[in-house]
Amino acid sequence: QLLDLEGKDGVEMKRLGEVCMKTHNIKWKSEPEDKYYDYIDLSSVNIDLNRITDTIEINKENAPSRAQQIIMTDDILLGTTRPTLKRYCQVPVQYDKQICSTGYCVFRAQKEIVMSRWIFYNIGNNKFWEYCEANQKGAGYPCLSNSDAFAYIIPIPSLQEQHRIVTILDTFEASIRNLEAQLKQREKQYEYYRNKLLTFG
């Protein structure tokens, strides 16, 4: 509901491609052999946490063919191979100027127009996943093209309003993560006491 602003006064609807900047690929031939990068491939982003949790180190000698895109802090990565798996994340500062797979579409916000976090929440919306399902191509190994990803239309309220809504959503997300952590701790306690109570002799 917070993101459903279509038709509201003063809220423009724009394609993601209209509010994102162009990104660049690395030129491996001109890279020195002793320069290493963290590589974010499709298995690097945890689907449940929406975070980068595992990377490998690469240089020009061992870089996979799909290791091409230079990413920056706050970029939003969307896995376009089997997009309905909902593999997406926001790039934290420790992966600034590192490399991601061409299996990701990279949304780099024009920050004078849109917050990166606003893009993050809009592509986490059910409407976006319905759009992905309708526009992915290929039966066995469905993919969403970058052009289709950038064609998705989102509301662009004022930056002040974006910030207000993002703050609310961040608070909800933090609460959910906290509850999940508490639940895991409770499960561990239950297992401990169950094993204790059922152990005799």
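Structure shown above.
The shown structure was predicted, so the numbers you read here are calculated from the model rather than taken from an experiment.

Visitor: Even after reading the chapter, I still don't get helix H2 (residues 116-123), so can you show me in this structure?
Guide: One turn of the α-helix equals 3.6 residues, which is why residues spaced by three or four share an orientation. The element H2 is largely enclosed, with a buried count of eight among its eight residues. Looking only at H2, the buried set comprises Ser116, Arg117, Trp118, Ile119, Phe120, Tyr121, Asn122 and Ile123.

Visitor: Can you help me understand the nonpolar core in this one?
Guide: Here is a general trend for soluble globular proteins: nonpolar side chains tend to be buried in one another's company. Grouped together as the largest cluster of nonpolar side chains are 29 residues, with contacts concentrated most on Leu78, Phe107, Trp118, Ile119, Ile123 and Phe128. Looking at this core, the element that brings in the most residues is H2, giving five residues. Beyond its immediate chain neighbours, meaning those up to four positions away, Phe128 contacts Leu78, Asn122, Ile123 and Tyr152. Core analysis: the next-biggest nonpolar cluster, separate from the first, contains eleven residues, Ile71, Tyr95, Cys100 and Val106 among them.

Visitor: I would appreciate a short explanation of the pattern of salt bridges in the present structure.
Guide: Side-chain pairs of opposite charge can arise where the charged atoms are in close proximity. Enumeration according to the criterion identifies eight salt bridges in this entry. Where Lys14 meets Glu12, a salt bridge forms, and the shortest distance between an N and an O atom there is 3.8 Å. Given a relative accessible area of 48%, Glu12 falls into the partly exposed group. Here Asp96 makes a salt bridge to Lys97, at a shortest N to O gap of 3.1 Å. Several salt bridges share partner residues, and in doing so they unite Arg117, Asp170 and Glu173 into one network.

Visitor: Quick question: what am I supposed to make of the sheet that holds strand S8 (residues 76-79) here?
Guide: Working definition: the strands of a sheet are paired by backbone hydrogen bonds and lie parallel or antiparallel to each other. The antiparallel open sheet is built from four strands, whose spatial order is S2-S11-S8-S9. Each edge of the open sheet is held by one strand with a lone partner, namely strand S2 (20-21) and strand S9 (88-90). Across two bridges, the pairing between S2 and strand S11 (residues 104-109) is antiparallel. Of the residues in S11, the one forming a bridge with Met21 is Arg108. Where H2 meets the sheet, its contacts fall on S2, S8, S9 and S11, and the angle it forms with S9 comes to roughly 165°.

Conventions used here
Residues numbered from 1 in each chain as written. Predicted model: local features only at pLDDT ≥ 70, side-chain atom pairs only at ≥ 80, totals over all residues. Heavy atoms only, no water. Buried < 20%, exposed > 50% of the residue type's maximum accessible area, 1.4 Å probe, protein only. Helix = DSSP H or I, 4+ residues; strand = E, 2+ residues; numbered from the N terminus. Core = buried A, V, L, I, M, F, W, Y, C linked by side-chain atoms within 4.5 Å. Contact = heavy atoms within 4.5 Å. Salt bridge = Lys/Arg side-chain N within 4 Å of Asp/Glu carboxyl O. Pairing = 2+ DSSP bridges. Axes fitted to C-alpha atoms, helices over the stretch in contact; angles between N-to-C directions.

Function-wise, these values are silent; they only describe arrangement.
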